[in-house]
Amino acid sequence: MSEAIKVDKVMDLKGLPCPMPVVKVSKGIKEVEVGQVIEAISSDPGSLTDFPAWARTTGNEILKTEQDGEFIKFYIKRNA
Amino acid sequence: MQNMEEQLTKLKSHIEALEKKAPENKLSMIVFSGDMDKVLASFVIATGAVAMGMDVVMFFTFWGTPVLRDKNKSVGGKDLMGKMFGAMLPKGTCEVKLSKMNMGGMGTVMMKSLMKKKNVASLEQMLELAEELGVRIFICEMSMDLMGFKREEMIKYPDLTYCGVAKFLEEAQNSKVQLFI
């Protein structure tokens, strides 16, 4: 039942440690329209807790999180 | 019935007063330390807070103030103590040292190279990022005066404000988060 998510913007955040993934995503999300989705790929394990915290505080939504080896893929929908 | 209406207006004004006092989505932080590790932590928190949608104000006081000096600027007309403080305290972000394991400067050099290797932003980069994100910086006038620093030797930063304790308290009072580092 895996539905393909339509991605409007991809952000490569590999190799960036804290606080850059969150700072970059907060900028990147403003470059898409409300309702659109960005795919952010991070290699920082801290992102696993940071991105959901960021999304809850800013009113955005993480549709899906995928872990592929050392990379974590987030599908984030702009809600605010 | 009249009693109900009276209570309702009372409640309404009460709620309005509460709303006025509600803290803003803001972080007020005192940067007291001039240690590299603590200043780095301050900037990580500050830039992270902007990413979380917060308004951020950093207050640099006491040992924090020399961090904001411009390494390329020098001013004359200082008395002996001013010259001593000026020479012995770090001049800008590149001269700050680790609070622990500095080992005569070796530890700091090693930490800097580790940070580069692991892609951790340097203090110079963090300061630039803070500027780009619109972090506001305030400097304690009294600390500067105490150590003999002059406004002309401080870094160029948009809206760098010189202030006293009341300004910090005003900002802190209507901030959701306040920190002392």
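See above for the structure.
Residues numbered from 1 in each chain as written. Chains lettered and ligands numbered in written order. Predicted model: local features only at pLDDT ≥ 70, side-chain atom pairs only at ≥ 80, totals over all residues. Heavy atoms only, no water.

Colleague: Give me the lowdown on the interface of chain A and chain B, citing residues and values where you can.
Modeller: Residue-level contacts link 13 residues of chain A with 14 residues of chain B. Summed over both partners, the interface of chain A with chain B comes to about 970 Å²; 74% of that surface belongs to carbon and sulfur atoms. Counting every contact that joins chain A to chain B gives one salt bridge. One salt bridge in this structure joins K27 of chain A and E132 of chain B, with 2.4 Å as the shortest N-O distance. (Contact = heavy atoms within 4.5 Å. Buried area = accessible area lost by both parts, 1.4 Å probe. Salt bridge = Lys/Arg side-chain N within 4 Å of Asp/Glu carboxyl O.)

Colleague: So what's going on with helix α1 (residues 2-21) of chain B? Residues and values would help.
Modeller: With 20 residues, α1 of chain B should cover 28 Å at 1.5 Å per step; its first-to-last C-alpha distance of 29 Å lies within 8% of that length. Among the 20 residues that make up α1 of chain B, zero are buried, leaving the element largely open to the surroundings. (Helix = DSSP H or I, 4+ residues; strand = E, 2+ residues; numbered from the N terminus. Expected span 1.5 Å × (residues − 1). Buried < 20%, exposed > 50% of the residue type's maximum accessible area, 1.4 Å probe, protein only.)

Colleague: Residue-level account of unusual backbone geometry, with values.
Modeller: Residue P19 of chain A is reached from C18 of chain A by a cis peptide bond, and omega for that bond is 5°. Notably, F62 of chain B is not glycine yet its phi reads approximately 45°, a positive angle. Judged by its relative accessible area of 26%, F62 of chain B is partly exposed. The phi torsion at M101 of chain B lies on the positive side, around 55°, for a residue other than glycine. Here M101 of chain B lies in the loop between α3 (80-88) and α4 (106-117). In this structure M101 of chain B comes out as exposed when scored by relative accessible area, which is 63%.

Colleague: Can you lay out the packing of aromatic side chains for me, pointing to particular residues and giving the numbers?
Modeller: Residue and element names in this part refer to chain B. Enumeration over the complete set of coordinates arrives at seven aromatic pairs over all chains. The interplanar angle of 85° and the centroid separation of 4.7 Å between the aromatic rings of F59 and F168 together place this pair among those described as edge-to-face. With F59 in strand β2 (residues 55-60) and F168 in helix α7 (residues 165-173), this pair connects stretches of sequence that are 109 residues apart. Under the relative-accessibility criterion, F168 is labelled buried at 14%. A network of ring pairs unites the aromatic residues F32, F62, W63 and F180 as a single cluster. (Phe/Tyr/Trp six-rings, centres within 6.5 Å; stacked < 30°, edge-to-face > 60°.)

Colleague: Just give me the short version of the pairing of β2 of chain B, but keep the residues and values in it.
Modeller: Residue and element names in this part refer to chain B. Extensive coverage of β2 is indicated by the burial of five of its six residues. With six bridges connecting them, strand β1 (residues 24-31) and β2 associate as parallel partners. In the strand pairing of β2, I30 is matched with F59. Handedness of the β1-helix α2 (residues 36-51)-β2 crossover: right-handed. Pairing of β2 with strand β3 (residues 136-140), which is carried by four bridges, proceeds in the parallel orientation. Residue pairing for β3: V57 is matched across the bridge by R136. (Pairing = 2+ DSSP bridges. Right-handed = clockwise from strand over helix to strand, strands pointing away.)

Colleague: Lay out the sheet that holds strand β4 (residues 71-77) of chain A with the relevant residues and their values.
Modeller: Residue and element names in this part refer to chain A. One open sheet accounts for four strands, arranged β1-β2-β4-β3; its pairing is mixed. What marks the edges here is a single partner per strand, and that holds for β1 (9-13) and β3 (61-68). Each neighbouring strand pair of the sheet contributes to a mean axis angle of 15°, computed without reference to strand direction. Bridge count for β1 against strand β2 (residues 37-42) is five bridges, and the pairing is parallel. (Axes fitted to C-alpha atoms, helices over the stretch in contact; angles between N-to-C directions.)

Colleague: Describe the sheet that holds β3 of chain B, listing the residues and the values that go with them.
Modeller: All names here are of chain B. The five strands are arranged β4-β3-β2-β1-β5 in an open sheet whose pairing can be described as parallel. Each edge of the open sheet is held by one strand with a lone partner, namely β4 (161-163) and β5 (175-180). Geometrically, the sheet is characterised by an average inter-axis angle of 25° between neighbouring strands, direction not taken into account. Of the pairings in the sheet, the one linking β3 to β4 comprises three bridges and is parallel in character. The residue of β4 that forms the bridge with I139 is Y162.

Colleague: Tell me about the pattern of salt bridges, and name the residues and values.
Modeller: All names here are of chain B. Throughout the structure, instances matching the rule amount to 16 salt bridges over all chains. Where E171 meets K167, a salt bridge forms, and the shortest distance between an N and an O atom there is 3.2 Å. Remark: K167 and E171 occur in helix α7; sequence separation between them is four residues, near one turn of the helix. On the basis of relative accessibility, which here comes to 28%, the residue K167 falls in the partly exposed class. Within this structure, E24, K26, D55, R136, K167, E170 and E171 form a network of salt bridges that share partners.

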